[in-house]
Amino acid sequence: MIEIVLRNGYIVRWRKKQWTDYKYDGKCFIVIKDNEWIAIYNLDSIISIVLKNKKGKKRGKNR
């Protein structure tokens, strides 16, 4: 799961079945499904991005 906390208080959760990859281009965090960009988040709007594995353990950093 990818959990993104935005500065406006909104929390976005992407379950593993909803995405196949992600990337960071220096300005944006991009969620990818089957080689297509399905979501783009400006890093200025993000407080944290947390990746959780199947066991619920967190990996990632707060900005």
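None of these values were measured; they are calculated from a predicted model.

## Examining the sheet that holds strand β4 (residues 28-33)
Then comes step 1: Strands sit in the order β3-β4-β5 across an open sheet of 3 strands; the sheet is antiparallel. Every interior strand has two partners, whereas the edge strands, β3 (21-24) and β5 (36-42), have only one. The average undirected angle you get between the axes of adjacent strands in this sheet is 20°.
Then comes step 2: In terms of strand pairing, β4 meets β5 through 6 bridges, oriented antiparallel. Note that in β5 the partner of C28 across the bridge is N42.

## What to know about the side chain of E3
Then comes step 1: Topologically, E3 is positioned in strand β1 (residues 2-6).
Then comes step 2: Relative accessible area serves as the criterion here: at 11%, E3 is assigned to the buried category.
Then comes step 3: At 2.9 Å, the side chain of E3 forms a polar contact with the side chain of R13.
Then comes step 4: Other than its neighbours up to four places away in sequence, E3 contacts I11, V12, R13, S48, I49, V50 and K52.

## A look at the pairing of β1
Then comes step 1: Among the 5 residues of β1, 5 are classified as buried, and the element is accordingly described as predominantly covered.
Then comes step 2: Residues I2, I4 and L6 point to one face of β1 and E3 and V5 to the other, with burial holding for every one of them.
Then comes step 3: Taking the residues between adjacent antiparallel strands as the criterion, β1 and strand β2 (residues 11-14) are bridged by 4 residues, where G9 takes a positive phi near 95°.
Then comes step 4: One ladder, built from 5 bridges, connects β1 with strand β6 (residues 46-52); its direction is antiparallel. The partner of L6 across the bridge, within β6, is I46.

Analysis parameters
- Residues numbered from 1 in each chain as written.
- Predicted model: local features only at pLDDT ≥ 70, side-chain atom pairs only at ≥ 80, totals over all residues.
- Heavy atoms only, no water.
- Pairing = 2+ DSSP bridges.
- Helix = DSSP H or I, 4+ residues; strand = E, 2+ residues; numbered from the N terminus.
- Axes fitted to C-alpha atoms, helices over the stretch in contact; angles between N-to-C directions.
- Buried < 20%, exposed > 50% of the residue type's maximum accessible area, 1.4 Å probe, protein only.
- Polar contact = N/O pair within 3.5 Å; in protein donor to acceptor, adjacent residues only side chain to side chain.
- Contact = heavy atoms within 4.5 Å.

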